[in-house]
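Spelled out from the first residue to the last, the chains are:
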Amino acid sequence: MSDILILNGRLVDPASGVDAERDLLLRHGRVAAVEMPGELRAVKGKETIDAKGMIVAPGLVDVHVHLREPGQTYKESIKTGTAAAAAGGFTSVVAMPNTLPVNDTVEKLEWMLDAARGAVVKLFAMPAATFGSLGEEITDFHELARVGAVGFTDDGKPVLVDRVMRGALVAASGIGVPVSQHAEDTRLTGGCSMNAGPVAFRLGLRGMTVEAESKIVERDIRLLRDIEQHDGLRPHLHVQHVSTAKAMEAIRQAKRAGLHVTCEVAPHHFTLTDEAVGDYDTNAKMNPPLRNEADRLAMIAGLMDGTVDCIATDHAPHALFEKEQEFERAPNGITGLETALGLALRVLHKGNGMSISRVIELMSAQPAGIVSLEGRGTLSVGSFADVVVFDPAVEWSFDAAKSLSKSRNTPFGGALMTGRVMATICEGAVVYKE
C-alpha cells in the first residue's frame, strides 16, 4: 500500500473543527499528517491526488444498507453493494439482517464479515434483535457483539411486544450499542402499500397512516423512560428512516427530556412526496412510504435543527422483474448509495442553506458516533485513511443504467444531483475514482 498525498483541497472535517485548505498524507491505512498547503510536497514515493477546487472529507458512513447476501444475490451481493457505496463516497456501511437466512447467530455474522465476501469498503453489521426477526426471543447480544455487531435490529419487522423490546433495550445497554427500530405498527398497515392520503385515494390503494409510525416511536420512548427510572440504565434507541412529522416531534421531545434517542432520515424522504408514485410507479414504493409535503418539510426541519442525527440511505436493491408487477405486489425499497450525497447537497445545501460542513457531519462523524466506529468519520491524525474527494460545483444527472449496484430500482433515474464524487479511499486504498 503506497503513501497517498492529497494536495490543494479544501479539507472539511467537522469532527476536528476544520474547514480550510489543507494537504493530507495517508500512510499504512491511516492519516499520517494534516498540514498547511505546501508543507508535504517533499514526501517521496507517493501517489498524488490533486484536489484543487474540490472538497476533501471523511469517508461517508451509512448505518442502514441491505446487501442481500446470503440468499438473494440476484438482487445484490456484498461485493456489488459496497462497490456502489464506494461510488457514492461511502467508506463504511452497516448491513441489515434481513438476509436468507436471517443474520441472527455468531456463525452467520462471522460469515458475512469474512473478507472472502469481497467487500470493497469497510463492512459492519447489525444482526437481528430477535431470532429469525420474529419478535419473540432476543438473540445472544453479548456473543454477537464480541464478534463485531455494532447494534441490533429486526429492521423491516418491528419489535411489537413491549416485553421483548424492553428486554432488547436492557440487553443492548449493557454492551453500549443501540437497538435500531423500524417504527411501524404492522397491526395498522396490513394490505397497505403507500402513504394514506389523496394520492392513495385516487389510485384506489390502501394507505399507511402516520400513526402507524408515530405510535411505535412513542411506545419505544416510554420504554426508554421506564428503564432509566426503574432500572437505572441508559439504553440507546435508534429510530430508523423517520418519515412523519408526528414521529419527528416525539423524538425531538424525547431528546429535550434527556433520553438517549437518535434517528436517521433517508434522502428520498426529504426529497420526494407520495406524488412521485404517479400512476403506480413501483420505483417510488418503499417502507416507510413517501409522505406528503408537510412531512417532507418536517424531515428537512429536523435535519436543520439537529433533531436528526444522521442521513442513511436504506439502500434496498431489487431485481427488475420484482418491481415490474402490480404496485401492491411489488417489494418495497429503492437503491440509494450512489445518489445520497448528490441529493443531500442539492436539497439541503443548495436548496435550504445547510452548510457543506453540516451535510458532511450528518453523513460521516455523526453516523460513525451512533454505532461507535472508532477512528472513522474524521480525518484527524491517526484516524483511518477513509476519505471522499468530491467536486461541490458539478451538477450531473444520475444514470441508473450505469449504477455499480446489480439493481436499478430508483425514482432518481435522470434526476439532477449536486456535487460529484471524484475519488473514494478506504483505509488507504483507492476504491473508486471518477
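See the structure printed just above.
Computed from a predicted structure; not experimentally measured.

Caption draft 1: Looking closely at the pairing of strand β13 (residues 261–265). Counting buried positions over the five residues of β13 gives five, a clear majority of the element. The alternating pattern of β13 places Val-261, Cys-263 and Val-265 and Thr-262 and Glu-264 on opposite faces, both of which are buried. As paired elements, strand β12 (residues 237–239) and β13 share three bridges and run parallel to each other. Bridged to Val-239 within β13 is Cys-263. A crossover connection joins β12 to the parallel β13 through helix α7 (residues 245–256); in handedness this β-α-β unit is right-handed.

Caption draft 2: Region of the structure containing the packing of helix α9 (residues 293–305) against helix α11 (residues 340–352). Between α9 and α11, the least distance of the axes is 12 Å, while the angle of their chain directions is 75°. Between α9 and α11, the crossing angle belongs to the class labelled roughly perpendicular. Contacts between α9 and α11 pair Arg-296, Ile-300, Leu-303 and Met-304 from the former with Val-347, Leu-348 and Asn-352 from the latter. Looking at the contact of α9 with α11 residue by residue, the class counts come to five nonpolar, one polar and one charged.

Caption draft 3: Quick peek at the sheet that holds strand β8 (residues 122–125). Spatial strand order, β6-β7-β8: three strands in an open sheet with parallel pairing. The open sheet terminates on both sides in strands that have one partner only, identified here as β6 (60–65) and β8. On average, each strand axis in the sheet is inclined to that of its neighbour by 20°, with strand direction left out of account. The sheet contact formed by β6 and strand β7 (residues 90–95) spans four bridges and is parallel. Along β7, the bridge assignment pairs Val-61 with Ser-92.

Caption draft 4: Spatial organisation of helix α4 (residues 162–173). For α4, spanning 12 residues, the distance from its first C-alpha to its last is 16 Å, which sits close to the expected 16 Å at 1.5 Å a residue. Three or more residues of α4 are buried, namely Val-164, Met-165, Ala-168, Leu-169, Ala-171, Ala-172 and Ser-173. Tucked into the core, α4 has its buried residues touching α3 (141–146), β9 (179–181), α6 (210–231) and β12.

Caption draft 5: Seen up close, the packing of aromatic side chains. Under the counting rule described, the total for this entry stands at three aromatic pairs. Relative to Phe-321, the ring of Tyr-74 has its centre 6.0 Å away and its plane inclined at 25°; by these criteria the two rings are stacked. Linking Tyr-74 in the loop between β6 and α1 (78–87) with Phe-321 in helix α10 (residues 320–323), this pair joins segments that are 247 residues apart in sequence. Taking relative accessible area as the criterion, Phe-321 reaches 58% and is therefore assigned exposed. Their ring planes at 75° and their centres at 6.5 Å tell us that Trp-396 and Phe-398 sit as a pair that is edge-to-face. For Trp-396, a relative accessible area of 13% corresponds to the buried category. The side chain of Arg-117 reaches across the aromatic face of Trp-111, ending 3.8 Å from its centre.

Definitions and cut-offs
The residue numbers shown here count from 1 along each chain, following its written sequence. Restriction of local features to residues with pLDDT of at least 70 applies here, the model being predicted, together with a cutoff of 80 or more for giving and counting side-chain atom pairs; totals for whole chains, interfaces and linings are based on all residues. By convention in this description, side-chain values take in all heavy atoms of the structure and omit both hydrogens and water. Think of it in three bands: residues with accessible area under 20% of the maximum for their type are buried, residues over 50% are exposed, and the middle band is partly exposed, with areas taken using a 1.4 Å probe on protein chains only. A run of H or I in DSSP counts as a helix once it spans at least four residues, and a run of E counts as a strand once it spans at least two, with each numbered from the N terminus. At least two bridges found by DSSP between two strands are what make those strands a pair. By convention, orient the strands away from the viewer: a clockwise path from the first strand over the helix to the second makes the crossover right-handed. Angles run from 0 to 180 degrees between N-to-C directions of axes, and those axes are lines fitted to C-alpha atoms, restricted for helices to the stretch in contact. Each angle receives one of four descriptions, namely roughly parallel if under 35 degrees, roughly antiparallel if over 145, roughly perpendicular if within 65 to 115, and oblique otherwise. By definition, residues are in contact when any of their heavy atoms lie within 4.5 Å. We call Asp, Glu, Lys and Arg charged. Ala, Val, Leu, Ile, Met, Phe, Trp, Tyr, Cys and Pro are nonpolar, and the rest, Gly among them, are polar. What a helix should span is 1.5 Å times the count of its residues minus one. When the centres of two rings from Phe, Tyr and Trp lie within 6.5 Å, Trp using its six-membered ring, the rings pair. Their planes under 30 degrees apart give stacked, over 60 give edge-to-face, and anything left gives tilted. Lysine NZ or arginine CZ positioned within 6 Å of the ring centre and within 35 degrees of the ring normal marks a charge as sitting over the ring.

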